[in-house]
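# Descriptive analysis of the structure
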Amino acid sequence: MADLLVLTASVQGASDVLPGLALLNHHARCLPPEPTALLDALEADVVFIDARTNLVSARTTSKLVRATGISVPLILIVNEGGMAVVNVDWGADDVVISSASPAEIEARIRLAIGRVDADDPLDKASEFVSGDLTVDVGGYTARLRGEPLDLTYKEFELLKHLMQHPGRVFTRDQLLQDVWGYDYYGGTRTVDVHVRRLRAKLGAEYEQLIGTVRNVGYRFDPVSPVPQAGASPREGAEDRSSR
């Protein structure tokens, strides 16, 4: 399930702008196309911009998003007439007709997210380090204080994914999508089980590297590079007591 943001002046919601979205299992939020919405765009997997009736405004919004450096995929929602106007200068990654079928919308979302993942420089990094924990992406190994951790493939992928985005909170559904993939039909309980196993293998001293945000999901809490004297580098991190 992807987190979608629809920038539109419509007060009737995403189902009015792109009806096919209502039949898909994604979380869609609607906000007016204003600069304040850019903060929400940072947390979205895909941003849709409503360009059905006001192409000038949609072009301005698209260029504004790109000017801020936000790399989230942008998809313009257009009517038939808009297809002849949109070009690369707008900064959008794709366009979709407002009457598109759910299958087409799903494919465009999947491809947009896939292109970002393929281009993500974090994915090309050979090694991630946080304190005594090291993850070697190329060698598919994780080491703690120099000693290898006996991780399953999914445990390694989960740890790697969290370490790639330190401090970012992922819902269980997002982790299922990112780590297990779109074709996985198991429940979110799978994520909880793997997190619990990862924490057990990290041990009591390091288990809190994987933090819990109550009622939301999980995040990687990196070790502070300059811990306060007499205190654990992870001491005081919020919302990590639930395991």
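Basis of the calculations
- Residues numbered from 1 in each chain as written.
- Predicted model: local features only at pLDDT ≥ 70, side-chain atom pairs only at ≥ 80, totals over all residues.
- Heavy atoms only, no water.
- Helix = DSSP H or I, 4+ residues; strand = E, 2+ residues; numbered from the N terminus.
- Buried < 20%, exposed > 50% of the residue type's maximum accessible area, 1.4 Å probe, protein only.
- Contact = heavy atoms within 4.5 Å.
- Areas by Shrake-Rupley, 256 points an atom, 1.4 Å probe, with all protein chains shown as cover.
- Phe/Tyr/Trp six-rings, centres within 6.5 Å; stacked < 30°, edge-to-face > 60°.
- Core = buried A, V, L, I, M, F, W, Y, C linked by side-chain atoms within 4.5 Å.
- Salt bridge = Lys/Arg side-chain N within 4 Å of Asp/Glu carboxyl O.
- Pairing = 2+ DSSP bridges.
- Polar contact = N/O pair within 3.5 Å; in protein donor to acceptor, adjacent residues only side chain to side chain.
- pLDDT = per-residue confidence, 0-100.

### Thoughts on the overall build of the chain
Along the chain, the regular secondary structure elements total 8 helices and 12 strands. Burial status across the chain gives 43% buried among its 243 residues. Put simply, 58% of the contacts in the chain that link residues at least 6 apart link residues at least 24 apart. Total accessible area on the chain is roughly 12500 Å²; 52% of this is exposed by carbon and sulfur atoms.

### Some remarks on helix α7 (residues 172–180)
Listed as buried for α7 are Q174, L175, L176, Q177, V179 and W180. Positive backbone phi, approximately 95°, marks G181, located one or two places after α7.

### Observations regarding the packing of aromatic side chains
Two measures describe an aromatic ring pair: the distance that separates the ring centres and the angle between the ring planes. By the definition in use, this model includes 2 aromatic pairs. Centroid distance Y140 to Y153: 5.9 Å. Interplanar angle 25°. Geometry classified as stacked. Within this pair, whereas Y140 is found in the loop between β7 (133–136) and β8 (141–144), its partner Y153 is found in helix α6 (residues 153–164), the two being separated by 13 residues in sequence. Residue Y140 is classed as partly exposed on the basis of its relative accessible area, which comes to 43%. Taking 4.9 Å as the distance between ring centres and 40° as the angle between the ring planes, the aromatic pair formed by Y140 and F156 counts as tilted. Within this pair, whereas Y140 is found in the loop between β7 and β8, its partner F156 is found in helix α6, the two being separated by 16 residues in sequence.

### Remarks on the nonpolar core
By size, the foremost hydrophobic cluster in this structure holds 28 residues, and its most contacted members are L133 and L159. Elements with a contribution of two residues or more to this core: β7, β8, α6, α7, α8 (189–202) and β12 (217–220). The element contributing the most residues to this core is α6, with 5 residues. Apart from residues no more than four positions distant in its own chain, L133 is found in contact with F128, R143, L144, L149, L159, M163, L202, L209 and F220. Residues L5, V47, V65 and V95 belong to the second largest nonpolar core, which totals 19 residues.

### A look at the pattern of salt bridges
A complete count under the given rule lists 13 salt bridges for this structure. Salt-bridge contacts for R29 lead to D3; the nearest nitrogen and oxygen are separated by 3.5 Å. One end of the pair, R29, is in strand β2 (residues 27–31); the other, D3, is in strand β1 (residues 3–7), with 26 residues separating them in the sequence. Between D16 and R52 there is a salt bridge whose closest N-O contact spans 3.7 Å. With a gap of 36 residues between them, D16 in helix α1 (residues 14–17) and R52 in the loop between β3 (46–50) and α3 (55–67) connect regions that are remote in the sequence. Three or more residues joined by partner-sharing salt bridges are found here, namely D16, D50 and R52.

### Concerning the sheet that holds β12
Across the sheet, which stays open at both edges, the 3 strands sit in the order β10-β12-β11 with antiparallel pairing between neighbours. Looking at which strands have only one partner, the edges of the open sheet turn out to be β10 (170–171) and β11 (210–213). Relative to β12, β11 runs antiparallel, the two being bridged by 4 bridges. Bridge pairing links I210 to F220 in β12.

### Description of the side chain of S98
By the secondary structure assignment, S98 is in the loop between β5 (94–97) and α4 (102–119). Residue class for S98 comes out buried when judged on its relative accessible area of 14%. Within the local environment of S98, its side chain forms a polar contact with the side chain of N79, the two groups lying 3.0 Å apart. Setting aside its immediate chain neighbours within four residues, S98 contacts V17, L18, P19, R52, I77, V78 and N79.

### A closer look at the environment of R189
Mapping R189 onto the fold places it in helix α8. Residue R189 is classed as exposed on the basis of its relative accessible area, which comes to 53%.

### A short note on the confidence of the model for the chain
Residues at a pLDDT of 70 or more form 86% of the chain, whose mean pLDDT is 83. A low-confidence stretch, residues 231–243 (pLDDT under 50), is modelled with 27 contacts involving residues beyond four sequence positions or located in other chains.

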